[in-house]
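# Architecture at a glance
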Amino acid sequence: MSQDKNHLSMPVESAEPEPIKAIPLRRPGRWIAAAIILIALALFVWGAKTNDAYHWNTYFKYLGDKRIAQGALVTLELTVLAMLIGVALGVLLAVMRLSPNPVLRSVAWAYLWIFRGTPVYVQLVFWGLFPSLYKTITVGVPFGPSFASFDVQHWSAPFFFAMIGLGLNEAAYMAEIVRAGINSVGEGQREASVALGMSWSQTMTRTVLPQAMRVIIPPTGNELISMLKTTSLVTAIPLTTDLYGRARDIYSVNFQPIPLLLVAATWYLAVTSVLMIGQYYLERYYSRGSSRQLTAKQLRALAHAQVAGGTG
């Protein structure tokens, strides 16, 4: 009887099932669509190559021109500086919008209403006319003594005005991105910070904003790429030392706008491609832990733990 009990208590090894032989479905529509797209693309490339209106010899002549490269460098500098202004001011505006102070909330809302409600080109035109709007800028006590005075009409700084105009406009959009990131943090995090004795500003800077970066960073990369292309509008200042301005100056002399526009487009594509690669790795870094899908390393560790637990 004891032998029967021992026999019943022994685990019965189940036979492994045979591997499933999956036959993939045939999808002829995909191959037909791919063939049509490739044929249309080949026809377009061949037509562009044989079309003399493109002036490909002029395109390759100016593709590596020193003036174009210098314009691309100015465009990068303008993009980075304007984004720094936009991010810094955008964080401040987002915090003001979420502040319990009604004055700060009203000021932030009015700022977003103005800068998001008017075209950036119109704003840049106003910044180009800034010396005409204000003759002098005086720093001092209101209705009292002045400490310094600046003659704005003698200013010749189109790069500075372009940087300020683009940065202030970008701040309105960054404020909404930061606000969405802050709202993505659970209310329990704020309550825990308050329970620890933190003030509202400490809760924002030490608890909420660090956790909100996972939501803030990806769209900020999109705004950076968008800012790079928006710099072509600084012609409204007018600023002519950027990439598009250099290309426009060249084709205004040789009267061949098409190849020079293609040169500028190629440089824009090259720079945005590099920024898109950086954005991809940045998004992957900050999205860690947001997905339940395990990596290969985590799966191996889990399998090892299960084997060790089974043998124990």
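Before reading on, note that the structure itself is shown above.
Our subject in this report is the structure included herewith. Here the structure is a predicted model, which is why all the values come from computation and not from measurement. What you see as residue numbers is a count from 1 along each chain, following the sequence as written. Local features are withheld for residues below a pLDDT of 70 in this predicted model, meaning they are given only at 70 or higher, and side-chain atom pairs are given and counted only at 80 or more; totals for whole chains, interfaces and linings count all residues. As a rule here, side-chain values come from all non-hydrogen atoms in the structure, and water together with hydrogens is ignored.

## Regarding the packing of helix α8 (residues 158–183) against helix α10 (residues 200–230)
The line we're drawing: Whenever a helix is involved, its axis is fitted only over the stretch in contact; in every case the axis is a line through C-alpha atoms, and angles between N-to-C directions fall within 0 to 180 degrees. Runs of E in the DSSP output that reach at least two residues are strands. Runs of H or I that reach at least four are helices, and both are numbered from the N terminus. By the definition adopted for this analysis, an angle is roughly parallel if under 35 degrees, roughly antiparallel if over 145, roughly perpendicular if from 65 to 115, and oblique otherwise. Two helices that cross are described as forming a left-handed crossing if the nearer one is turned anticlockwise from the farther one by less than a right angle, and a right-handed crossing if clockwise. We call two residues contacting when some pair of their heavy atoms lies within 4.5 Å. Amino acids are sorted into nonpolar (Ala, Val, Leu, Ile, Met, Phe, Trp, Tyr, Cys and Pro), charged (Asp, Glu, Lys and Arg) and polar (every other residue, Gly among them).
In the contact formed by α8 and α10, the axes pass within 8 Å of each other and the chain directions differ by 140°. With respect to α10, the axis of α8 lies oblique. Judged by the sense of rotation from one axis to the other, the crossing of α8 with α10 is right-handed. Each of Leu-166, Glu-170, Tyr-173, Met-174, Ile-177, Val-178, Gly-181 and Ile-182 in α8 lies in contact with α10, whose residues at this interface are Met-204, Val-208, Leu-209, Ala-212, Val-215, Ile-216, Pro-219, Thr-220, Glu-223, Met-227 and Thr-230. For the contact of α8 with α10, the per-class residue count stands at 14 nonpolar, 3 polar and 2 charged.

## Overview of the environment of Ser-201
Operational definition: For each residue, the accessible area found with a 1.4 Å probe, counting protein chains only, is set against the maximum for its type, and the residue is called buried under 20%, exposed over 50%, and partly exposed in between.
Looking at the secondary structure, you find Ser-201 in helix α10. Ser-201 gets classed as partly exposed once you look at its relative accessible area, which sits at 43%. With 106 residues separating them in the primary sequence, Ser-201 and Val-95 have C-alpha atoms 8.9 Å apart.

## Considering the packing of aromatic side chains
We count it as follows: Pairing of aromatic rings covers Phe, Tyr and the six-membered ring of Trp, with a centre-to-centre limit of 6.5 Å; geometry is then stacked below 30 degrees between planes, edge-to-face above 60, and tilted otherwise.
A full pass over the atoms with the stated rule returns 10 aromatic pairs. Judged by centre distance (5.5 Å) and plane angle (85°), the ring pair of Trp-56 and Tyr-59 falls under edge-to-face. Taken together, the residues Trp-56 and Tyr-59, both in helix α3 (residues 56–62) and 3 residues apart, mark about one turn of the helix. Look at Trp-56 and you get partly exposed, because its relative accessible area is 27%. Residue Tyr-59 is classed as buried on the basis of its relative accessible area, which comes to 10%. Each ring, one from Phe-130 and one from Phe-161, has its centre 5.6 Å from the other, and the planes form 40°; the classification is tilted. Linking Phe-130 in helix α7 (residues 130–133) with Phe-161 in helix α8, this pair joins segments that are 31 residues apart in sequence. Each member of the pair, Phe-130 together with Phe-161, is buried.

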